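Examining the three-dimensional arrangement
Now for the letters of each chain:
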Amino acid sequence: MPESLSGLEKRIKSLQVQGAKNIAIESLIFLRTLVKKKGFRNDFREAVKRLEKTRPTAVVLHNCLEEIKKEKDVKAIERLLRQLKDADKQIALKGRGLIKDKTRIMTRCHSSEALALIKYAWKDRKKMKVYATETRPKWQGVKTANELAKLGIPVTLIVDSAMGFFIDDVDMVIVGTDAMRNEGFVNKIGTYMLALLCKEHKKPLYVVGDTLKLDKRKYIQIEERDPDEVYKENLKNLYVRNPAFDITPWKYVKRVITEKGVMTPGNIKKLL
Ligand code: RUB
């Protein structure tokens, strides 16, 4: 039985499927099955509208949907799926020179593209040590730590508030991105704080993101998630806010690793 639209929405909203790229891949796989059966009519339009609302900050799905809506051909879906899947390898190849032997890296959240770069360097026999920040409140950093440890990469899991304590123990910070915009790059909440630490401690900050993450939308909605993820007690006068992402200005970024090559923030702005 193919998955229902509400089933997929649930998996995305609950973060069973997480990360900008995986959200797009799973949605495109769903849409491919749907349009093969029902074409680009009402069901397609309804699915597009609902899927785009599941995680509104990440731009990859939006960019893919814009192309699919224009072309209205299943071939567009196939092409985008190939592009998304191939990007990891291209990113790893283009960025391979950045991670030298015995590099110590700090990372945040769980980004398939940032991890592709790290994993490839490991395969390339570079010794390395990774610090994974746990990423409250949904612990995606634990997912990163598990994934790397299973590959044999030494990884130390730290609480978010220990970033400053360990920053001098690393050579660089590598993070993924949900959207690359004129004003900066968007990533998991806390990335901005990490960027400020990098600046203060003179550590290079590298952003890994394929070009489907270029965000030309006029307005970006920063997703605010259920306060229950942070604190469940319901007390008078106690308010909880739970934004999922923040925006880091480009001035804190050393380089951006895309599938087309390693770019400066200036190059990215030109593409926008
Ligand atoms: C995930 C996150 C990732 C980017 C990039 O947040 O911030 O760094 O989405 O991921 P969440 P990728 O867990 O809330 O989705 O490189 O896989 O596209």
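See the structure shown above.
Residues numbered from 1 in each chain as written. Predicted model: local features only at pLDDT ≥ 70, side-chain atom pairs only at ≥ 80, totals over all residues. Heavy atoms only, no water.

**With respect to the pattern of salt bridges**
Here is the rule: By salt bridge we mean one thing: a side-chain nitrogen of Lys or Arg within 4 Å of a carboxyl oxygen of Asp or Glu. Secondary structure elements follow DSSP: runs of H or I of four or more residues count as helices, runs of E of two or more count as strands, with numbering from the N terminus. Relative accessibility thresholds used throughout: buried, under 20% of the residue-type maximum; exposed, over 50%; partly exposed, between the two (1.4 Å probe, protein chains only).
Summed over the entire model, instances satisfying the criterion amount to 24 salt bridges. A salt bridge links Arg11 to Glu3; the nearest nitrogen and oxygen atoms lie 2.7 Å apart. Asp124 is the salt-bridge partner of Arg96, the closest N and O atoms lying 3.0 Å from each other. Linking Arg96 in the loop between helix H5 (74-94) and strand E1 (103-108) with Asp124 in the loop between helix H6 (112-123) and strand E2 (128-133), this pair joins segments that are 28 residues apart in sequence. The class of Asp124 is partly exposed, set by a relative accessible area of 28%. Each of Lys21, Asp88, Glu113 and Lys213 takes part in a single network of salt bridges with overlapping partners.

**Thoughts on unusual backbone geometry**
Negative phi values dominate among residues other than glycine, just as trans dominates among peptide bonds. Residues Arg136 and Pro137 are joined by a peptide bond in cis, for which omega reads 0 degrees. Along the chain, Pro137 turns up in the loop between E2 and helix H7 (140-150). Of note, the phi angle at Lys72 is positive, near 45 degrees, even though the residue is not glycine. Tracing the chain through its elements places Lys72 in the loop between helix H4 (60-71) and H5. A relative accessible area of 47% means that Lys72 is categorised as partly exposed. Phi is positive for Asn237, close to 70 degrees, though the residue is something other than glycine. Along the polypeptide, Asn237 turns up in the loop between strand E7 (205-208) and strand E8 (245-248). For Asn237, a relative accessible area of 62% gives the class exposed.

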